[in-house]
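# Structural features, examined
Residue-level listing of the chains:
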Amino acid sequence: MNAIDEDDALIAAALKGSAYAWEKLVRRYEGRIYNLGLRLTGNSSDAMDLMQEVFLGVYRNLHRFRGDAKFSSWIFRIAHNKAVDMNRRKRLMTVSSWGDDGDSVDVLDTVPGESQQEPERQLNALQGNELVMAMLARLPLSQRLIVELKIFQGLTFEEIAGLQDISENTAKTRFYSALRKLKVQLEEDNVLS
Amino acid sequence: MSCPKTPHLLQEYFAEDLSSRPGQEIQKHLDQCAHCRAELDLLLSTRDQLEGWQEQSVPHWDRGMELFRREHRSPAQEQGFFARWQWFPTAASFAMLCLMLFNTTIVADGDGVSISFGAAGGEAQIARAMEQFSEQFSEQFSEQQQLEREALVARFEARQDNNNVQLLEAVMQQSQQATAENMELVYSYFEQQRLQDLQAMRAGYQELLDSDYQTIRSLQQLAQYVSYDDTLIPQ
Ligand SMILES: [Zn+2]
């Protein structure tokens, strides 16, 4: 039984009420979703929130899942949308405290990190996952999502374009801009020699 | 020193599937232009930094199990005809688990197959494992189901169900040593098997309903398959 068939079998069993199948389905994907959350939100508490929202969304919509798409694509679509929602909520909270209506700002392009009091740490003081999270935190969400989907989830630009409802060309441009921006930051903070 | 082609060229470079080789035109320019090459190297090492991500393990959480159990407390399709059967596959899995755990040997001779427990461990170990097993499932079992399960375990052992023994042998061949580590694997395999068996039985039952009990023989076969008491079935 290959991975996709196994997903389908687990979904069918979960829909019939098998708690075991549900748990197994969650276990198959929780690591990928949690790590995605860490990279997108930059901290474990938000990553947990995101992951729980994703699986709640999966649970609530499982009966709508059709076998013609891969479950993995479906769950990443949910994760993508939840990340955007979460960012929007954070933005609303911070925007209202600034007394700005914020309507002119693209939801995707507001960095939650920007409003926080914590000063950005110098990248060269960091390494490993901390460094990656700090790098990504400096990107607007739209770019962060593209980097996530392209580099960490290995999606094609075509798939990304479908997910973000943009053209394939825009997706390519956005990815390149994100990578360049990250490079400039690493240079400025002397991480790249 | 700079090159006017850099932005367009590198954007094209990264627009390709990341694992594939760059197109000839791009490669040709990169071979000639040190500036573009240097810029590309920086972008690639930026990507390497990102790819250095180490997967972090998920903190403990409930996995939505409480919600799931609450909303599936008495699933309709488990009632009625199948309520009596639904733990049979678990019983079979349990019996097989015992066999795995206690160094059981299976001897096939002309008359059939016989199963004997190995010397290691002994009854105390078996009792402990049974206790653990019961604990693990006590949430899910009503008392009556538990009794049924025990009866079914006994029946399973008595009948030495050929199919299951064959399955067991296959599993035992695959995992020679029953270490704690692979027990979990084996166990999840059994659980999976149980789910599949259950689905197969349901499908079989549904077919029977559809054919309006036309074929009593199929019902007998089905009953045989799950070791159901065949005196209940008209001959
Ligand atoms: Zn050049």
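Residues numbered from 1 in each chain as written. Chains lettered and ligands numbered in written order. Predicted model: local features only at pLDDT ≥ 70, side-chain atom pairs only at ≥ 80, totals over all residues. Heavy atoms only, no water.

### Description of the packing of aromatic side chains
Residues and elements named next belong to chain A. We apply this condition: Planes of paired rings set the category: under 30 degrees apart is stacked, over 60 is edge-to-face and the rest tilted, where pairs are Phe, Tyr or Trp rings (Trp by its six-membered ring) whose centres lie within 6.5 Å. Numbering goes from the N terminus for both helices and strands, where a helix is a DSSP run of H or I of at least four residues and a strand is a run of E of at least two. Exposure categories follow from relative accessible area, calculated using a 1.4 Å probe and restricted to protein chains: below 20% of the type maximum is buried, above 50% is exposed, and the middle band is partly exposed.
Summed over all chains, the structure comprises 11 aromatic pairs over all chains. Between Tyr29 and Phe71 the ring centres are 5.1 Å apart and the planes differ by 70°, which places this aromatic pair in the edge-to-face class. With Tyr29 in helix α2 (residues 19-41) and Phe71 in helix α4 (residues 71-98), this pair connects stretches of sequence that are 42 residues apart. Of the two residues, Tyr29 and Phe71, both sit in the buried class.

### Remarks on the side chain of Glu148 of chain A
Examined against the element boundaries, Glu148 of chain A turns out to sit in helix α6 (residues 141-152). Look at Glu148 of chain A and you get buried, because its relative accessible area is 2%.

### Things to note about the coordination of the zinc ion
All names here are of chain B. Rules: A 2.8 Å cut-off from the metal defines N, O and S donors, relaxed to 3.2 Å for Na, K and Ca; water is not in the atom list, so some sites may appear incomplete. Each label reflects the angles at the metal, where four donors whose angles all fall between 85 and 135 degrees are tetrahedral, four or six donors whose opposite pairs open beyond 155 degrees and whose other angles stay between 65 and 115 are square planar or octahedral respectively, and the rest are irregular.
Looking at the metal site, the zinc ion is ligated by Cys3 (SG), His29 (NE2), Cys33 (SG) and Cys36 (SG), spaced 2.1 to 2.4 Å from it. Relative to the metal, the four donor atoms surrounding the zinc ion lie at angles of 104 to 113°, and the coordination shape comes out tetrahedral. Of note, the donors binding the zinc ion are all from one chain and are spaced C-x25-H-x3-C-x2-C. Residue Cys3 is located in the segment before α1 (6-15), and its partner Cys33 is located in the loop between α2 (24-32) and α3 (34-51); the two are separated by 30 residues in the primary sequence. By the burial criterion, Cys3 is buried, and Cys33 matches it.

### So, unusual backbone geometry
One non-glycine residue, Asp165 of chain A, lies in positive phi territory at about 60°. Relative to the helices and strands, Asp165 of chain A resides in the loop between α7 (157-164) and α8 (168-188). A positive phi is found at Arg63 of chain B, a non-glycine position, where the angle reads about 60°. If you trace the backbone, Arg63 of chain B turns up in the loop between α3 and α4 (65-71).

### Focus: the confidence of the model for chain B
Residue and element names in this part refer to chain B. Using the following cut-off: The score called pLDDT rates the predictor's confidence residue by residue, from a low of 0 to a high of 100. Any two residues whose heavy atoms approach within 4.5 Å are treated as being in contact.
Taken over all residues, the pLDDT of chain B has a mean of 65, while the share at 70 or more is 31%. Within chain B, the lowest mean pLDDT, 50, falls on helix α10 (residues 216-225), and the highest, 95, falls on α3. A low-confidence stretch, residues 211-220 (pLDDT under 50), is modelled with 11 contacts involving residues beyond four sequence positions or located in other chains. Contacts of residues 227-235 to residues separated by more than four positions or lying in other chains number 16 contacts, the stretch itself having pLDDT below 50. For this predicted complex, the interface confidence reaches an ipTM of 0.83, while the overall pTM sits at 0.59.

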